[in-house]
Amino acid sequence: MREAWTWLRGRLARRPDSEHAQGLLRLGLILLVLGYLLLPSTREGVDPRQYAATLSIVLAGLSIGLGLFIAMLLHPARSDLRRLTGMVADYGLMAAAMIRLDEPLAWVYVLVLVGTVGNGLRYGTRYLGLAVAMALASFGSVLWLSDYWIQNRALGIGLLAGLAAVPMDVAVLRRQSP
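Residues numbered from 1 in each chain as written. Predicted model: local features only at pLDDT ≥ 70, side-chain atom pairs only at ≥ 80, totals over all residues. Heavy atoms only, no water.

A. Quick peek at the overall build of the protein. Per the secondary structure count, the protein includes nine helices and zero strands. Along the protein, from the amino end to the carboxyl end, the secondary structure elements read α-α-α-α-α-α-α-α-α. Taking 178 residues into account, the globule formula puts the C-alpha radius of gyration at 16 Å, and the protein, at 17 Å, falls close to it. Taking the principal axes of the C-alpha coordinates as reference, the protein spans close to 50 × 45 × 25 Å. Residue burial in the protein is summarised as follows: out of 178 residues, 42% are buried. (Helix = DSSP H or I, 4+ residues; strand = E, 2+ residues; numbered from the N terminus. Rg over C-alpha atoms; globule rule 2.2 N^0.38 Å. Buried < 20%, exposed > 50% of the residue type's maximum accessible area, 1.4 Å probe, protein only.)

Shown next, in the form of structure tokens:
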């Protein structure tokens, strides 16, 4: 076991970028959402089919996250395809889960924002622009399709604006810092 851990640490230390940190963060956040979904209080009053569908979405995200991390270990060179696949999966699956379960997953908005800022800080301004576009499309679809967010449209529109404003402000500050 110790040899495997040593190999893993060495493999990650030799990577040319911080994609592995994004991969580990992805897995950690998916496990956080999964843990929340498994709480008995989360299931209370939720249609069992909606719950099962949301659980399937989160497990799909976990599978994709693990697959991307394993692919990175096997092929540690920089991979735009792997980065983009992770981003599409992240934003698409977060939107799908938020639409499916509505209010109990409203807090996942914070993960959308954190992921967007993280992609920009980790991969640069081109990826930040792409991440903002994906976040706007993702959360915009939630606003359009989720009963909870339809009823809270004004709040949702403000949060949607924040998905563009906060990451772009971070980019400006990043450029201005010495």
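B. Structural view of the packing of aromatic side chains. Across all of its chains, the model carries five aromatic pairs by this definition. Here the aromatic rings of F139 and W149 are separated by 5.2 Å at their centres, their planes lie at 75°, and the arrangement is edge-to-face. Of this pair, F139 sits in helix α7 (residues 125–145) while W149 sits in helix α8 (residues 147–151); the two residues are 10 residues apart in sequence, bridging distant segments of the chain. A relative accessible area of 2% means that W149 is categorised as buried. Every member of this aromatic cluster is reached through a ring pair, and the members are Y109, F139, Y148 and W149. (Phe/Tyr/Trp six-rings, centres within 6.5 Å; stacked < 30°, edge-to-face > 60°.)

C. The arrangement of a nonpolar patch on the surface in detail. On the surface, L25, V110 and V114 cluster together to form a nonpolar patch covering roughly 220 Å² of accessible area. Within the fold, V114 resides in helix α6 (residues 108–123). The class of V114 is partly exposed, set by a relative accessible area of 39%. (Patch = residues over 30% accessible without salt bridge, like charges linked within 9 Å, V, L, I, M, F, W, Y side chains within 5 Å. Areas by Shrake-Rupley, 256 points an atom, 1.4 Å probe, with all protein chains shown as cover. Salt bridge = Lys/Arg side-chain N within 4 Å of Asp/Glu carboxyl O.)

D. Seen up close, α6. Over its 16 residues, α6 extends 22 Å from the first C-alpha to the last, a length consistent with the 22 Å expected when each residue adds 1.5 Å. Counting buried positions along α6 gives 12 out of 16 residues, so the element sits mostly inside the fold. Inspection of α6 places V108, Y109, L111, V112, L113, G115, T116, V117, G118, N119, G120 and Y123 among the buried residues, and these make up the whole buried set. Against the buried residues of α6 lie α2 (19–38), α5 (80–101), α7 and α9 (153–176). Looking one or two places after α6, you find G124, whose phi comes out positive at around 105°. (Expected span 1.5 Å × (residues − 1). Contact = heavy atoms within 4.5 Å.)

E. Structural view of the nonpolar core. Core analysis: the biggest nonpolar cluster contains 41 residues, and L37, Y91, M98, L105, F139 and W149 have the highest contact counts within it. Secondary-structure elements contributing two or more residues to this core are α2, α4 (48–74), α5, α6, α7 and α8. Setting aside residues no more than four positions away along its own chain, W149 makes contact with M98, A106, F139, V142, L143, L155, G156 and L159. (Core = buried A, V, L, I, M, F, W, Y, C linked by side-chain atoms within 4.5 Å.)

F. View of unusual backbone geometry. One non-glycine residue, D102, adopts positive backbone phi at about 60°. Along the chain, the position of D102 falls in the loop between α5 and α6.

G. Molecular detail of the side chain of R26. Mapped onto the fold, R26 is located in helix α2. Not counting residues up to four positions away in its chain, the partners in contact with R26 are G65, L68, G86, M87 and D90.

H. Summary view of the pattern of salt bridges. Overall, the coordinates contain six salt bridges when judged by the stated rule. D80 is paired through a salt bridge with R83; the nearest N and O atoms lie 3.9 Å apart. On the criterion of helical spacing, the pair formed by D80 and R83 is a turn pair, its members being three residues apart in helix α5. Take R83: its relative accessible area is 5%, and that puts it in the buried class.

I. Looking closely at the packing of α4 against α5. For the pair α4 and α5, interaxial distance at closest approach is 9 Å and the crossing angle is 170°. In terms of orientation, α4 lies roughly antiparallel with respect to α5. Along the contact surface, α4 presents R49, Q50, Y51, A53, T54, I57, A60, G61, I64, L68, A71 and M72, while α5 presents R82, T85, G86, A89, L93, A96, A97, R100 and L101. The residue makeup of the contact of α4 with α5, split by class, is 13 nonpolar, five polar and three charged. (Axes fitted to C-alpha atoms, helices over the stretch in contact; angles between N-to-C directions. Parallel < 35°, antiparallel > 145°, perpendicular 65-115°, else oblique. Nonpolar A, V, L, I, M, F, W, Y, C, P; charged D, E, K, R; others polar.)

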